[in-house]
Amino acid sequence: MSNTTGTQQITPELRRWIIEQAQAGYTAEVVLKSMVASGWNEDVAIEAMESTLKGHVESQAVASGLPPAVAVPEPALDESPLYLDAGDRQVCVLQAMFNPRVVVFGGLLSDDECDALIEAARPRLARSLTVATKTGGEELNADRTSNGMFFQRGENEVVKRVEERIARLVNWPVENGEGLQVLHYRPGAEYKPHYDYFDPNEPGTPTILKRGGQRVATLVIYLGEPAKGGGTTFPDVHLEVAPKRGNAVFFSYERAHPSTKTLHGGAPVIEGEKWIATKWLRERRFE
Ligand code: PD2
Ligand code: ZN
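Since this is a predicted model, take the numbers as computed values, not measurements.

Let us look at the site of ligand 1. For ligand 1, the set of nearby residues contains 13 residues, the closest of which are Tyr-185, Thr-232, His-264, Lys-274 and Thr-278. Between ligand 1 and Asp-196 there is a distance of 3.3 Å, counted from an oxygen atom to a side-chain nitrogen or oxygen. At 2.8 Å from an oxygen atom of ligand 1 is found a side-chain nitrogen or oxygen belonging to Lys-274. Here ligand 1 loses 100% of its free accessible area of 310 Å² to cover by the protein chains. Within the residue set of the shell around ligand 1, elements represented by two or more residues are β11 (191-194), β17 (264-266) and β19 (274-282). Sorting elements by how many residues they give to the shell around ligand 1 places β19 first, with four residues. Residues belonging to the shell around ligand 1 are distributed by class as follows: five nonpolar, six polar and two charged.

This is the structure in structure tokens:
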């Protein structure tokens, strides 16, 4: 029934016509008006235009060599709620951007939860490694001068609670998440701009993808705030998110490609110390 809405059918001819109108430069508003004038129900016309143009853009993207788009986590922001119900906590929506998809949350964690994660992580910190995409192993990286550690998924009560809250907030199964990673940045430490997805052109990537598929979204939670510096930057759109304790920045990427504009980095800390917890979300169960 995907091509019918009520009694009016969205035919291949209609889809072709919609694409032709768009290619001829007519705006969505003009095309919609003309469909309604010729007898189409407005809701059917909108659905026809949205699904047709989305499908067209996707097939053009794949035809031009981009990896196909996949489903990604997404908070329920359709009616622009000020708060989202994350199960055991109401989380504030402070900012939402569509391209790149970036959402800033306020009050995702309490101060006690931030402290509990820092204290559990502190004795286990080591110089951060990144995945070596050439081999699929891990390596020291000069672009990432923080210290870090990974919790196992569900490792302790706070980790479990936070993971369940995140799953509810962005509508993505707990099982698709990598373990929470805690990072500590001292003055001068930074994480140079990078993409979080695995580069499809690197030889080690197929091995990495066997476990859970691609990364499709990231949540960076600020646990401890520096006095100066240490924001999360998105250079393609000149955005910088302030590292406010308890807040978090979420971003998703439906394909492993720079067209998602999800290049991002951790700016150098200038004064004080920055602590974050990063949750990377995969396409499928990550076991
Ligand atoms: O610390 C950050 O703000 C940051 C920036 C970019 C963290 C990550 N990436 C990450 O953990 O992926
Ligand atoms: Zn990152």
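Look at helix α3 (residues 42-63): 31 Å from first C-alpha to last across 22 residues, which is about the 32 Å you get at 1.5 Å a residue. Of the residues making up α3, those classed as buried are Val-44, Ala-45, Ala-48, Met-49, Thr-52, His-56 and Ala-61. Where α3 begins, the side chain of Asn-41 points an oxygen toward the backbone nitrogen of Asp-43, at a separation of 2.8 Å.

All right, on to the nonpolar core then. In this structure, Phe-105, Ile-221 and Leu-223 are the most contacted members of the largest nonpolar core, which totals 34 residues. Breaking this core down by element, the ones donating at least two residues are β4 (90-97), β5 (101-106), α4 (111-121), α5 (157-170), β12 (215-224), β16 (248-252) and β19. Looking at this core, the element that brings in the most residues is α5, giving six residues. When sequence neighbours within four positions are dropped, the list of residues in contact with Leu-223 reads Leu-109, Cys-114, Leu-117, Ile-118, Val-182, Arg-245, Trp-275, Ile-276 and Ala-277. Within the second largest apolar cluster, 19 residues are counted, among which are Ala-189, Tyr-197, Phe-234 and Val-241.

This next bit is on the sheet that holds strand β6 (residues 126-127). Think of a sheet as strands paired side by side through backbone hydrogen bonds, with each pair either parallel or antiparallel. Strand order in the open sheet formed by nine strands is β3-β4-β5-β16-β12-β19-β10-β9-β6, with antiparallel pairing between adjacent strands. Each edge of the open sheet carries a strand with a single partner, namely β3 (83-85) and β6. Relative to β19, β12 runs antiparallel, the two sharing eight bridges. Bridge assignment links Val-220 to a residue of β19, and that residue is Thr-278.

The rules behind the values
Residues numbered from 1 in each chain as written. Chains lettered and ligands numbered in written order. Predicted model: local features only at pLDDT ≥ 70, side-chain atom pairs only at ≥ 80, totals over all residues. Heavy atoms only, no water. Near = heavy atom within 4 Å. Polar contact = N/O pair within 3.5 Å; in protein donor to acceptor, adjacent residues only side chain to side chain. Areas by Shrake-Rupley, 256 points an atom, 1.4 Å probe, with all protein chains shown as cover. Helix = DSSP H or I, 4+ residues; strand = E, 2+ residues; numbered from the N terminus. Nonpolar A, V, L, I, M, F, W, Y, C, P; charged D, E, K, R; others polar. Expected span 1.5 Å × (residues − 1). Buried < 20%, exposed > 50% of the residue type's maximum accessible area, 1.4 Å probe, protein only. Core = buried A, V, L, I, M, F, W, Y, C linked by side-chain atoms within 4.5 Å. Contact = heavy atoms within 4.5 Å. Pairing = 2+ DSSP bridges.

These results come straight from atomic positions and should not be treated as a statement about function.
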